[in-house]
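This is what each chain is made of:
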Amino acid sequence: MSLEGKDRRNVLRATAHPLRLQMLSLLTGAELSAAEVARELGITQANASYHLRFLLEAGLIVLAGEERVRGGRAKKYRHQWDSAADDAAGTASEADRQASVSALAAAISTRYADREPGRQLFTDADLWLRPEVWQEAFDLLERASRLVHEQAQQPRTPGTVRTNLSVAAFPLKTASRGTR
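Below you will find a few notes about this structure. (Residues numbered from 1 in each chain as written. Predicted model: local features only at pLDDT ≥ 70, side-chain atom pairs only at ≥ 80, totals over all residues. Heavy atoms only, no water.)

1. A few points about the sheet that holds strand β1 (residues 32-33)
Read across the sheet, three strands follow the order β1-β3-β2 without closing on themselves; strand pairing throughout is antiparallel. Whereas interior strands pair on both sides, the edge strands pair on one side only; in this sheet they are β1 and β2 (61-69). Where β1 and strand β3 (residues 72-79) come together, two bridges link them in antiparallel fashion. When the sheet's bridge partners are listed, Leu32 is paired in β3 with Tyr77. Contacts from helix α4 (residues 45-57) reach β2 and β3 within the one sheet, and its direction differs from that of β2 by about 140°. (Pairing = 2+ DSSP bridges. Helix = DSSP H or I, 4+ residues; strand = E, 2+ residues; numbered from the N terminus. Contact = heavy atoms within 4.5 Å. Axes fitted to C-alpha atoms, helices over the stretch in contact; angles between N-to-C directions.)

Put into structure tokens, the structure is as follows:
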């Protein structure tokens, strides 16, 4: 999938809304209609349709087919998480990037409140590393992200657990605040 013009500018804006972040997660492991997304998220079908159109126009989801529903047709959507959409982030404005980061931070806080007891991993690091160590860590995080996306299942599939993996990994400016 190739993103052009206005779609490139809308990618981060599309992910800057917590509801759309939830939708992208749902649509990673399943092809769902607006009605199914609405039921899973506890929102109206009209609201789900609105946000799904926004994600579709930004190129973050694709039409995955249609199904017959009570004499009508329902479009099914799927998140193309490994698409060229990530490349479009380089063309987004700084304001769109900041909005996306804020939405991700809010989503982490909300998901944390919904966590199950048990094994958890929390880490935060603003530190100095040799470039090869940073590259190895980055590659491992990228592999973990790919693994969970590739193995995502439809919501509530028997034998699965609902999980959260939020990753933000980037080098920092040498002279930025917090320099030690």
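2. Section: the side chain of His51
Looking at the element boundaries, His51 is found in helix α4. Within the structure, the side chain of His51 is placed 2.9 Å from the side chain of Arg20, a separation counted as a polar contact. If we ignore the near neighbours within four places in the chain, the residues touching His51 are His17, Leu19, Arg20 and Met23. (Polar contact = N/O pair within 3.5 Å; in protein donor to acceptor, adjacent residues only side chain to side chain.)

3. So, the pattern of salt bridges
Scanning the entire structure with this criterion turns up nine salt bridges. Residues Asp96 and Arg13 are paired through a salt bridge, measuring 3.3 Å at the closest nitrogen-oxygen approach. Here the residue Asp96 occupies a position in helix α5 (residues 94-113), and Arg13 occupies one in helix α1 (residues 5-14), the gap between them amounting to 83 residues. Here Glu132 makes a salt bridge to Arg130, at a shortest N to O gap of 2.7 Å. Connected through salt bridges with shared partners, the residues Glu36, Glu67 and Lys76 form a single ionic network. (Salt bridge = Lys/Arg side-chain N within 4 Å of Asp/Glu carboxyl O.)

4. Looking at the environment of Asp82
Its location among the elements puts Asp82 in the loop between β3 and α5. Taking relative accessible area as the criterion, Asp82 reaches 47% and is therefore assigned partly exposed. (Buried < 20%, exposed > 50% of the residue type's maximum accessible area, 1.4 Å probe, protein only.)

5. Describing the environment of Gln80
Tracing the chain through its elements places Gln80 in the loop between β3 and α5. With relative accessibility at 29%, the residue Gln80 sits in the partly exposed group. In this structure, the C-alpha to C-alpha distance between Gln80 and Thr28, residues 52 residues apart in sequence, is 7.1 Å.

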